[in-house]
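These are the residues of each chain, in order.
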Amino acid sequence: MTSRNLCFHFLLIISLWGCAKQKSSTETFQEVGIPSIYLAETATQSEITIPIALSLKSIESEVNHSIPWMFQNIEWPQFSSAPCQQPEIRYQVQRDSIHLRAEGTTMYFEMDLLYSIEGQICATCWDAKCITPKIPFSCGLASESKRKIHWVGKIMWGLDQQYQLRTVSETIQLVPLDPCEVTFLKINVTDLVVSEMNKALKSALKEADQAASQWEAKKMVQNWCDQLYQGFSIADYGVLSAQMEKVYIHNIQTQQDSLLAVLGLETILKWMPMAQENARAPLPKVFFESPPRNGFQIALYAQWTWKQINQLFAKNILHRNWPIDENGGYVMIREAQLKGDKEGRMTAEWVVDFQKGKIKRRNVKVTASMEVRWDESAQAIQLLNFDWDVNTRHLLLKWGIKAETWNQDWQKLQFSLAPYHTKAVVWINDLLKDNTPTGWKIEGGVDDVKVENLKAHSEGITIDFRAIGSVQVKVSDWKRLH
């Protein structure tokens, strides 16, 4: 899966859904159900809390790759050096697959270690030199079964201010299950084995911590944030952009075969007419603590300049017959130039064709200022309280059309966005389905998209959106998130 596809799904999830419920599952990971969300009317900071679940087996597979499967004494295949009359040994240890348990930012693990050990010891020394043949000894070699030690440890992890992954790994317990007994020697071989194992495991964990520190988390996070900030095109309807401000990671724990956590996001969502190419996003701050809110509050707004509005108007409104009465009267707008003022009124210069009763005209230039209102129930733009310029009023007198009747006809024009809502819902759900990453399962989708408010001003038009949907997500392949 490409990073762009991953960012696309991340953007859809944070922008269209929030406040997840966990559902029990008998599979190898938990499902996460996310119910309806509400997009606020004002351009405020969005806060989303999402319980997430990842396959624990997939994470264990990644950790297994970072820790060696075989340990040996440093001098292998030679014996370790030791003072005279002290045992010289060499050993090999094979570990079992790791099993993880999470409590906050600490991952506990445990596994069995199978080992074989052989050594030699000098019975008689003179002046620190051996003067008799060395006596060999061994455990777990040849026909003997390998000895077993149970290993318990922990990996504490976190991200620093530079988004560098830091881990500190250590052994908690090494418990011998099969003692190594050499009866003719007066030495405790089991204790010797545990001591040597501790040294080898400490070295292996240190190497694993160093390997983890090489993971370029900052580069990956910057890439994700940039793509979210630059925006993703939603068919012909515009671009959705997200500026991540804060990320909260809380209540990390294991349950059955899943790693569960609460992910909190504070972000600014924007709807734009076009993407911000090559724009760099500020990196969010990461907190390993509870999000400030349960549930969610999401604000999504769109702001278009008058230049962009004119482009949209030309693409969707021009050269269509708009009915103004039940007797075949219509208005067809050929050209349009729209602009606004500080009072929220819009001025339009139109070149129109129209028919009203027996009067039919083509390529007539008319100009008026008017109020722009949003009819939420009809999901349509209304134009009210027309104030026509002198030239247009002169034409009305010439044609014998009453200004009051003319205004009533124009106020019947409603530019509905409802048909686009259905198309947007179908398109987003199809896109979500067609781009589901390998290792993800996403059920549900967007149920409805609505505009709640629309305001004109001197710089352009601002629109507030509301979206409702539900989705269930489960992630079974941790590697594909990298």
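J.: So what's going on with the environment of Phe109? Residues and values would help.
T.: Tracing the backbone shows Phe109 in strand β8 (residues 106-122). As a C-alpha pair, Phe109 and Trp151 span 42 residues in sequence and 8.2 Å in three-dimensional space. Residue contacts for Phe109: discarding those within four places in its chain leaves Ile98, His99, Leu100, Trp151, Val152, Gly153, Lys154, Ile155, Glu170 and Leu205.

J.: Describe the sheet that holds strand β21 (residues 345-356), naming the residues involved and giving the relevant values.
T.: Strand pairing in a sheet relies on backbone hydrogen bonds, with the paired strands running either antiparallel or parallel. Sheet architecture is open: 6 strands sit in the order β19-β20-β21-β22-β23-β24, paired in antiparallel fashion. Whereas interior strands pair on both sides, the edge strands pair on one side only; in this sheet they are β19 (321-323) and β24 (414-416). In this sheet, adjacent strand axes meet at a mean angle of 45 degrees when their direction is disregarded. Two elements, β21 and strand β22 (residues 359-375), share 11 bridges in a ladder whose sense is antiparallel. Bridged to Met346 within β22 is Met370. Contacting β20 (330-340) and β21, helix α5 (residues 306-316) crosses the sheet at an angle of about 170 degrees to β20.

J.: Give me the lowdown on the packing of aromatic side chains, citing residues and values where you can.
T.: Centre-to-centre distance and the angle between the planes together describe a pair of aromatic rings. Under the defined criterion, the tally for this structure stands at 13 aromatic pairs. Centre to centre, the rings of Phe354 and Trp406 are 5.2 Å apart; their planes meet at 80 degrees, and the pair counts as edge-to-face. On the criterion of sequence distance, the pair formed by Phe354 in strand β21 and Trp406 in helix α7 (residues 403-411) is long-range, its members being 52 residues apart. Overall, Trp406 belongs to the buried group, its relative accessible area being 3%. The interplanar angle of 10 degrees and the centroid separation of 5.3 Å between the aromatic rings of Phe386 and Trp388 together place this pair among those described as stacked. Here the aromatic residues Trp350, Phe354, Phe386, Trp388, Trp399, Trp406 and Trp410 are joined through ring pairs into a cluster of three or more. One cation-aromatic arrangement involves Arg90 over Phe79; the distance from NZ or CZ to the ring centre is 4.5 Å. Sitting over the ring of Trp69, Arg95 keeps its end group 4.0 Å from the ring centre.

J.: Outline the pairing of β22, supporting the account with residue identities and numerical values.
T.: Counted between consecutive antiparallel strands, the loop separating β21 from β22 contains 2 residues, among which Gly357 sits at a positive phi close to 65 degrees. Here 7 bridges tie β22 to strand β23 (residues 380-388), and the two strands are oriented antiparallel to one another. In the sheet register, Trp374 faces β23, and the bridge partner there is Ile381. Where β22 folds back onto β23 in an antiparallel hairpin, the turn is made up of 4 residues, including Gln379, whose phi is positive at roughly 50 degrees.

J.: I'd like a rundown of helix α4 (residues 217-230), residues and numbers included.
T.: An α-helical turn contains 3.6 residues, so a residue and the one three or four places further along point in the same direction. Compared with the 20 Å implied by 1.5 Å per residue over 14 residues, the 20 Å span of α4 between its first and last C-alpha is a close match. Listed in full, the buried residues belonging to α4 are Ala217, Met220, Val221, Gln222, Cys225, Asp226, Gln227, Leu228 and Tyr229. Looking one or two residues past α4, Gly231 carries a phi angle of roughly 105 degrees, positive in sign.

J.: With reference to specific residues and values, describe the confidence of the model for the protein chain.
T.: In low-pLDDT segments, the atomic positions of the prediction should not be examined closely. On average, residues of the protein chain carry a pLDDT of 76, and 79% of them reach 70 or more. Summarising per-element confidence for the protein chain, the mean pLDDT is lowest in strand β1 (residues 21-23) (27) and highest in β20 (90). The model gives residues 1-43 a pLDDT under 50, and that stretch makes 169 contacts with residues more than four places away or in other chains.

J.: Kindly report on the pattern of salt bridges, identifying the contributing residues and their values.
T.: Throughout the structure, instances matching the rule amount to 11 salt bridges. For Arg280, the salt bridge identified is with Asp226, shortest N-O distance 3.1 Å. Here the residue Arg280 occupies a position in the loop between β16 (258-272) and β17 (285-287), and Asp226 occupies one in helix α4, the gap between them amounting to 54 residues. On the basis of relative accessible area, Arg280 is assigned to the exposed category, the value being 58%. Salt bridges linked by common partners bring Arg334, Asp353 and Arg362 together as one network.

J.: I'd like to hear about the state of the cysteines, residue by residue, with values.
T.: Summed over all chains, the structure comprises 2 disulfides. The disulfide that involves Cys84 links it to Cys125, with 1.7 Å between the sulfurs. Where Cys84 bonds to Cys125 through sulfur, the torsion about that S-S bond is close to -90 degrees, and the disulfide is left-handed. Taken as a pair, Cys84 in the loop between β5 (70-72) and β6 (88-95) and Cys125 in strand β9 (residues 125-126) lie far apart in primary sequence, 41 residues in all. Classification of Cys84 by relative accessible area gives partly exposed; the value is 23%. Between the sulfur atoms of Cys122 and its disulfide partner Cys130 the distance amounts to 2.0 Å.

J.: Account for the pairing of β16, naming residues and giving values.
T.: Summarising burial for β16: 14 of the 15 residues are buried, a large majority. As paired elements, strand β15 (residues 239-255) and β16 share 14 bridges and run antiparallel to each other. By the bridge assignment for β16, Gln253 is matched with Leu260. From the end of β15 to the start of β16, which pair antiparallel, there are 2 residues, and Gln256 there has a positive phi angle of about 55 degrees.

J.: Before we move on, can you summarise unusual backbone geometry with the specific residues and values?
T.: With an omega dihedral of 5 degrees, the bond running from Trp76 to Pro77 counts as a cis peptide bond. Tracing the sequence through the fold places Pro77 in the loop between β5 and β6. Here the phi dihedral of Asn251 falls at roughly 55 degrees; this positive angle occurs in a residue that is not glycine. Looking at the element boundaries, Asn251 is found in strand β15. For Asn385, which is not a glycine, the phi torsion comes out positive at approximately 50 degrees.

About the criteria used
- Residues numbered from 1 in each chain as written.
- Predicted model: local features only at pLDDT ≥ 70, side-chain atom pairs only at ≥ 80, totals over all residues.
- Heavy atoms only, no water.
- Helix = DSSP H or I, 4+ residues; strand = E, 2+ residues; numbered from the N terminus.
- Contact = heavy atoms within 4.5 Å.
- Pairing = 2+ DSSP bridges.
- Axes fitted to C-alpha atoms, helices over the stretch in contact; angles between N-to-C directions.
- Phe/Tyr/Trp six-rings, centres within 6.5 Å; stacked < 30°, edge-to-face > 60°.
- Buried < 20%, exposed > 50% of the residue type's maximum accessible area, 1.4 Å probe, protein only.
- Lys NZ or Arg CZ within 6 Å of the ring centre and 35° of its normal.
- Expected span 1.5 Å × (residues − 1).
- pLDDT = per-residue confidence, 0-100.
- Salt bridge = Lys/Arg side-chain N within 4 Å of Asp/Glu carboxyl O.
- Disulfide = S-S within 2.5 Å.

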